[in-house]
Amino acid sequence: MSHYHTESKTTYEMAKIVAALSYLTIIGWMLAIILYGFHKSTFARFHLRQSLGLIITAAVLSFIPLIGWLLNIGVVFLWFLALYYALAGHKRSVPLLGDFYQRHLDFIC
């Protein structure tokens, strides 16, 4: 049995890898942005913006004692949700802040 990979399927799979990698810490995000430079796609760009937004949100909330730390539990939940969307191949924004991330992190192109 032969496996045939069309260019579009390979591109889609690479975009999913870049998208999922972007959610794996800041180092994963930096590796994903490097890979994105070689394999640009709207799917990967979308998830790069979502993950960077979540990273920034978590970092800012970390500076707020107690309340910020408790809110970071919600950010972790959103992070898992976004990672699921990336692995499943869905292009869905995280609730509450996802559209904000897409509008204001538009320098990732």
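This structure is a prediction, so every number in the text was calculated from the model and none was measured.

### Brief notes about the overall build of the protein chain
In step 1: Counting its secondary structure elements, the protein chain contains five helices and zero strands.
In step 2: Shown N-terminal to C-terminal, the secondary structure of the protein chain runs as helices and strands in the order α-α-α-α-α.
In step 3: Overall size of the protein chain, expressed as C-alpha extent along the three principal axes, is 55 × 30 × 25 Å.
In step 4: Evaluated residue by residue, the protein chain yields a buried proportion of 37% over its 109 residues.

### Points about helix α4 (residues 67–88)
In step 1: Over its 22 residues, α4 runs 32 Å from end to end, which matches the ideal 32 Å to within 8%, given 1.5 Å per residue.
In step 2: Just downstream of α4 lies Gly89, where phi reads positive at about 85°.

### Examining the nonpolar core
In step 1: Grouped together as the largest cluster of nonpolar side chains are 24 residues, with contacts concentrated most on Val18, Tyr23, Leu48, Leu54 and Val94.
In step 2: At the level of secondary structure, the elements contributing two or more residues to this core comprise α1 (7–21), α2 (25–38), α3 (42–62) and α4.
In step 3: In terms of residues, this core owes the most to one element, α3, which gives six residues.

### Some thoughts on a nonpolar patch on the surface
In step 1: A grouping of Ile64, Leu66, Ile67, Trp69, Leu70, Leu71 and Ile73 is seen on the molecular surface, where their side chains present a nonpolar patch of about 760 Å² in accessible area.
In step 2: By secondary structure assignment, the location of Leu71 is in helix α4.
In step 3: On the accessibility criterion, Leu71 (48% relative accessible area) is partly exposed.

### Notes on the confidence of the model for the protein chain
In step 1: In the predicted model, the protein chain carries a mean pLDDT of 89, and the fraction of residues at 70 or more is 94%.
In step 2: Note that pLDDT drops below 50 for residues 1–6; the model gives that stretch one contact with residues more than four away or on any other chain.

### Looking at the packing of aromatic side chains
In step 1: What the rule picks out here adds up to three aromatic pairs.
In step 2: Between Trp79 and Phe80, the ring centres sit 4.7 Å apart and the planes meet at 70°, which makes this aromatic pair edge-to-face.
In step 3: On the basis of an interplanar angle of 55° and a centroid distance of 6.1 Å, the ring pair of Tyr84 and Tyr85 is categorised as tilted.

Cut-offs used in this document
- Residues numbered from 1 in each chain as written.
- Predicted model: local features only at pLDDT ≥ 70, side-chain atom pairs only at ≥ 80, totals over all residues.
- Heavy atoms only, no water.
- Helix = DSSP H or I, 4+ residues; strand = E, 2+ residues; numbered from the N terminus.
- Buried < 20%, exposed > 50% of the residue type's maximum accessible area, 1.4 Å probe, protein only.
- Expected span 1.5 Å × (residues − 1).
- Core = buried A, V, L, I, M, F, W, Y, C linked by side-chain atoms within 4.5 Å.
- Patch = residues over 30% accessible without salt bridge, like charges linked within 9 Å, V, L, I, M, F, W, Y side chains within 5 Å.
- Areas by Shrake-Rupley, 256 points an atom, 1.4 Å probe, with all protein chains shown as cover.
- Salt bridge = Lys/Arg side-chain N within 4 Å of Asp/Glu carboxyl O.
- pLDDT = per-residue confidence, 0-100.
- Contact = heavy atoms within 4.5 Å.
- Phe/Tyr/Trp six-rings, centres within 6.5 Å; stacked < 30°, edge-to-face > 60°.

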